[in-house]
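Chains, contacts and geometry: an overview
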Amino acid sequence: MIVDFTEVAVRDVSRHYGRRRALAKVTLECRSGEVLGLLGPNGAGKSTLLAILATLLAPSAGEVRYGTATASQAGAGLRAKLGFLSHDLHLYPELTARENLVFFARLYGIAEVQASVRTALERAGLSARADDFVAGFSRGMRQRLALERSLLHQPRLLLLDEPFTGLDDASVDALVERLCGLRAEGRIIVVVTHDLDVAERLLDKVAVLKDGRLVAFDHAHGRIREHYRAHVAKGQGQ
Amino acid sequence: MTTFLRVAGLVVRKDLTVEVRSREIVYTTIFFAVSCVLVFAFALVREGRPLEDAAAGIMWISVAFAGTLALGRTFERERHSETLRALMLAPASRPALYVGKLVGIVLLLLVVEAVLVPLVGLLFHAPIGSSPFRLAALLVLGTIGFSAVGTLFAAMLVRARSRDVMLPILLYPITIPVIIAGVRGTAALFEPVPAVDLADMWMALLAFFDIVFVTLALWTFEPLMTE
Amino acid sequence: MNKAYSVLVLAAIVLFAVAPAVVAQTPLESTMGLVQKIFYYHVPSAMAMFLAALVCGVASAVYLFKGRPGADRLAAAAAELAVVFGLIVLVTGPLWARKAWGVWWQWDARLTSTLLMWMIFVACLLVRRFGGAGAEKLGAAMALFGMANVPFVYISVNIWRTLHPTTAVIPKLPGGMRGPFWFCAVSFMLLFGLLLALRVRLEERRADVEQLYLMADHE
């Protein structure tokens, strides 16, 4: 059963490990055609929240609704609509670019495997290197491949954990352009980033986390630096 | 059902491709198993020669030790790029992922055993050719039992601390019946006149063990892997 | 809980105070004499251990499939008690064996199976302690697999053992011994129940403290 939805709503989500609180009563939402940015200092809980959105972690309290259903209600069909680009990239270095894509395409049960893989390789600009082992790729190349891999199954919700880290300017521009394109297609995009310039170019909404708490949730335009200075930079003596 | 098998098959093919390319785990595991056999052969001597009755025991112990290492290495590889997480993110059935990993491990261990059995036959003058089918059946059933529990625990331990030492701590007590059945069954077959009825009985026990524990593992894989 | 608990603790104290006297006046067993009386503590401890193991197994299954934290606390407490009572069994066993049969260890099916089960629960505790975050689920799986293993362990060890020569058989229970045996059995069961309740309460308090930390952190 494939689930589709136009909004992701996080309601009072908390997550703790023993006595350490990773997230405290976070409430926010994001709709189709919007890019939500999660900002905050290290250890603020951004990656934890992303993992919860990806259904990799269960919240200790609160719930996440994808449309009208929660993760447990929606079951495995929900995962078919989620795309996750983690910092670890989730690629098999011993396989070629093409083999990586084919494996995940088949795993997700995509109908036209070879066609999708070809398109993905083109979009990633790796058609020439398709049969080279991923172990030999640069960070930027792997990133592009990993992004296309997470998009193979046309996910409704795309989650990206610090995708701009370690990329050169050209790659950053390419990625921003790609994400804007995806936004235009009506996807829901949640991005964790430290890069304020990118944030200003890309985000529609911004959520600032600090010590697991949501200290700001607002429309992004023109407000990002203000929020950042108020909540994040303060703790870093800027 | 077909999706289940398809997913499991995908995982197996992927694991085999990766392993065939690097051959790291296969080579190191075989070498380790051979070293084990030699160490035991030197340690358990009588009148300056290896104890021939110990052949069955030494073989199975070496498989168990080598298997533990292989399990650790296989899942360490998955942990390296967090690809296990990627597998969990897919809409694929989790038990199918487990079965895929299990088959991969079993195949790997069977390759190791294919090297080990002739070696044991050579060093201990064990009659490995007297009942080859029964011996093979014992090895396959025992390997499945050991790997069924091992794959589950190793997958769980990917996120845990002290995972290197935790795997043997958890695995060995649970798989003692497998070792007992495997060793006694093999010893029965290595007798001058192979005690086939006894071996058959041990095989039946192993088959039961396999059924029970693979089922249990399929049940518990999902709750164990989700946080 | 407190009123009933205190009454039961008192009862347990009385039972254990009286027990040595009860055991002392049991008839002497024909072949082993005085030493056999260790049986009155050895077997009830084994019963307590297996009861603890059963509780741990069931609670672990509930925790794994239903996710109730109370079940996890019960499983942790039961695992500890299984190790404690198992230790009593494994110490009194060899003591008895030494005097009765002249050897410290006898690869008796029951004692060996008990040793293996005991090791499984020690492993449970080790993984809870050293496994890092999320280790409770691992411990639960271990207990569950341990439970499923009981018939296999017993059967395989039993058959394995019969291939070795045996030197003794556990005697059948004659009349004069039955009363004191059940007296001791009841005492041990009561002790087990009380310790379990106490230990679970400790875990609950610990969980409450964690909650308080979390709430304080919220401010």
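Residues numbered from 1 in each chain as written. Chains lettered and ligands numbered in written order. Predicted model: local features only at pLDDT ≥ 70, side-chain atom pairs only at ≥ 80, totals over all residues.

Observations regarding the overall build of chain A
Along the backbone of chain A there are 9 helices and 10 strands. The C-alpha radius of gyration of chain A comes to 18 Å, within 12% of the 18 Å expected for a compact globule of 238 residues. C-alpha extents for chain A along the principal axes are approximately 45 × 40 × 35 Å. A burial count over chain A gives 47% of its 238 residues as buried. Excluding contacts between residues fewer than 6 apart, the proportion of contacts in chain A whose partners are at least 24 apart in sequence is 69%. (Helix = DSSP H or I, 4+ residues; strand = E, 2+ residues; numbered from the N terminus. Rg over C-alpha atoms; globule rule 2.2 N^0.38 Å. Buried ≥ 20, exposed ≤ 12 C-beta atoms within 10 Å, placed from the backbone. Contact = placed C-beta atoms within 7 Å.)

Some words on the overall build of chain C
What chain C contains, in helices and strands, is 6 helices and 0 strands. The helix and strand sequence of chain C, counted from the amino end, reads α-α-α-α-α-α. Counting over 219 residues, chain C shows a buried share of 34%. Within chain C, counting contacts between residues at least 6 apart in sequence, those at least 24 apart form 78% of the total.

Focus on the interface of chain C and chain B
Counting residues at the interface gives 28 residues for chain C and 25 residues for chain B. Mapped onto the side of chain C that touches chain B, the elements with two or more residues apiece are helix 2 (39-66), helix 4 (109-130) and helix 5 (135-162) of chain C. The dominant element in the side of chain C that touches chain B, judged by the number of residues it contributes, is helix 5 of chain C, at 16 residues.

Thoughts on the interface of chain B and chain A
At the interface, 19 residues of chain B touch 23 residues of chain A. Going through the elements one at a time, helix 1 (2-22) and helix 4 (83-89) of chain B are the ones with two or more residues in the side of chain B that touches chain A. For the side of chain B that touches chain A, the element with the most residues is helix 1 of chain B, which contributes 7 residues. Its residues assigned to classes, the side of chain B that touches chain A shows 9 nonpolar, 5 polar and 5 charged. (Nonpolar A, V, L, I, M, F, W, Y, C, P; charged D, E, K, R; others polar.)

Considering unusual backbone geometry
All names here are of chain A. Of note in this structure, D12 is not a glycine but carries a positive phi near 50°. Residue placement: D12 occurs in strand 1 (residues 7-17). In this structure, T55 takes a positive phi of about 65° despite not being glycine. As for its placement among the helices and strands, T55 is situated in the loop between helix 1 (46-53) and strand 4 (61-66).

Describing the environment of L191 of chain C
Residues and elements named next belong to chain C. Inspection of the secondary structure puts L191 in helix 6 (residues 175-217). A residue is classified by how many C-beta atoms lie within 10 Å of it, and L191, with 21 of them, is buried. When the C-alpha atoms of L191 and L15 are compared, they prove to be 9.7 Å apart, with 176 residues separating the residues in sequence.

A look at the domain arrangement of chain A
Residue and element names in this part refer to chain A. Each assigned domain of chain A is listed with its residue range as follows: domain 1 (1-81 + 157-165 + 187-238) and domain 2 (84-154). Each of domain 1 and domain 2 has a C-alpha centre, and the two are 25 Å apart. Contact with domain 1, which involves 8 residues of that partner, is made by 8 residues of domain 2. For the side of domain 1 that touches domain 2, a count of residues per class yields 6 nonpolar, no polar and 2 charged. (Domains from an automatic or database assignment.)

Some remarks on the environment of A79 of chain C
Residues and elements named next belong to chain C. In this structure, A79 sits in helix 3 (residues 69-101). Using a count of 30 C-beta atoms within 10 Å as the deciding quantity, one classes A79 as buried. Placed 34 residues apart in sequence, A79 and S113 show a C-alpha to C-alpha distance of 17 Å. Among residues more than four places away in sequence, those in contact with A79 are C56, F121, C124, L125, G139 and A143.

A word on the environment of L202 of chain C
Residue placement: L202 of chain C occurs in helix 6. The class for L202 of chain C is partly exposed, based on 13 C-beta atoms found within 10 Å.

Observations concerning the nonpolar core
The biggest cluster of nonpolar side chains holds 206 residues, and the ones touching the most others in it are V149 of chain B together with A52, C56, A75, A78, A82 and M142 of chain C. For this core, the leading source of residues is helix 7 (residues 163-190) of chain B, giving 15 residues. Residues lining this core come from more than one domain, with at least three contributed by each of domain 1 (1-81 + 157-165 + 187-238) and domain 2 (84-154) of chain A. (Core = buried A, V, L, I, M, F, W, Y, C linked by C-beta atoms within 7 Å.)

Details of the packing of helix 7 of chain B against helix 4 of chain C
At their nearest, the axes of helix 7 of chain B and helix 4 of chain C sit 9 Å apart, and the two run at 155° to each other. Between helix 7 of chain B and helix 4 of chain C, the crossing angle belongs to the class labelled roughly antiparallel. Between helix 7 of chain B and helix 4 of chain C lies a crossing of left-handed hand. Contacts between helix 7 of chain B and helix 4 of chain C involve M166, I169, L170, P173, I174 and I176 of chain B from the former and L116, M119, I120, A123, L126 and V127 of chain C from the latter. (Axes fitted to C-alpha atoms, helices over the stretch in contact; angles between N-to-C directions. Parallel < 35°, antiparallel > 145°, perpendicular 65-115°, else oblique. Left-handed = near helix turned anticlockwise from the far one by under 90°.)

A few points about the packing of helix 5 (residues 113-124) of chain A against helix 6 (residues 139-151) of chain A
Residues and elements named next belong to chain A. Direction vectors running N to C along helix 5 and helix 6 enclose 145°, while the axes themselves pass 9 Å from each other. Crossing handedness for the pair helix 5 and helix 6: right-handed. Across from A120, R123 and A124 in helix 5, the residues of helix 6 making contact are R144, L145 and E148.

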